[in-house]
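Each chain, letter by letter, is given below.
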Amino acid sequence: MKLIELPTHSDARGDLTVIESCLPFMIRRVFFITKPVGVRGGHYHIKTVQALICLQGSILIELRDDLVRLDDKRQCMILQPSDWHSMYEFSEDCILLVLASEHYSENDYVRD
Ligand code: T46
């Protein structure tokens, strides 16, 4: 797992945050999670690398040996395939954006 600070351009019109050359993979899939409750995740991947950005609200991400709260949209969490992760303690307004290196395949998941 790696945390990256995304460059943000702020002026009187607002903030513009860029995800460009900082990702260690080509984006093949994008999804976002809204209105999350309970616990999600609880798996690692065989091939997929992912970048997680909490666009709004906050979320707690549990890794094998770490616990990280994402609550800043300029922060990007890179998860390698072997990084087991579970997500919980979502704020009600949470929006989690995920960029993935592979197309969706259930065969890529190793679940608890
Ligand atoms: C991850 C965390 C951060 C699809 O059909 N296509 C997709 O691209 C995805 C991601 C999911 N789905 C279907 C499969 C399930 O029927 O959507 C349903 C919910 O997926 P899942 O239970 O895997 O959701 P999470 O929140 O536990 O995990 C998701 C990603 O699947 C996973 O890659 O790392 O978000």
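Notes on the structure in this doc start here. (Residues numbered from 1 in each chain as written. Predicted model: local features only at pLDDT ≥ 70, side-chain atom pairs only at ≥ 80, totals over all residues. Heavy atoms only, no water.)

Now for unusual backbone geometry. Phi at K35 is positive, roughly 50°, even though this residue is not glycine. Owing to a relative accessible area of 71%, K35 belongs among the exposed residues under this scheme. The backbone phi angle of E89 is positive, close to 50°, even though this residue is not glycine. As for its position among the elements, E89 is in the loop between β10 (85–88) and β11 (95–100). (Buried < 20%, exposed > 50% of the residue type's maximum accessible area, 1.4 Å probe, protein only. Helix = DSSP H or I, 4+ residues; strand = E, 2+ residues; numbered from the N terminus.)

Counting residues in hydrophobic clusters, the biggest one holds 15 residues, and the most contacted among them are L52, I59, I61, L70, M77, M87 and L96. If you list the elements that add at least two residues to this core, you get β6 (50–56), β7 (59–63), β8 (66–70), β9 (75–79) and β11. Those residues within four positions of L96 in sequence are excluded, and the remaining contacts are F31, F32, I33, L52, I53, C54, I59 and M87. (Core = buried A, V, L, I, M, F, W, Y, C linked by side-chain atoms within 4.5 Å. Contact = heavy atoms within 4.5 Å.)

The next subject is the sheet that holds β7. Here five strands make up an open sheet; going across it, the order is β8-β7-β10-β5-β12 and the pairing antiparallel. Among the strands making up the open sheet, the edge pair consists of β8 and β12 (109–111). Each strand of the sheet is rotated relative to its neighbour by a mean of 30°, with strand direction disregarded. (Pairing = 2+ DSSP bridges. Axes fitted to C-alpha atoms, helices over the stretch in contact; angles between N-to-C directions.)

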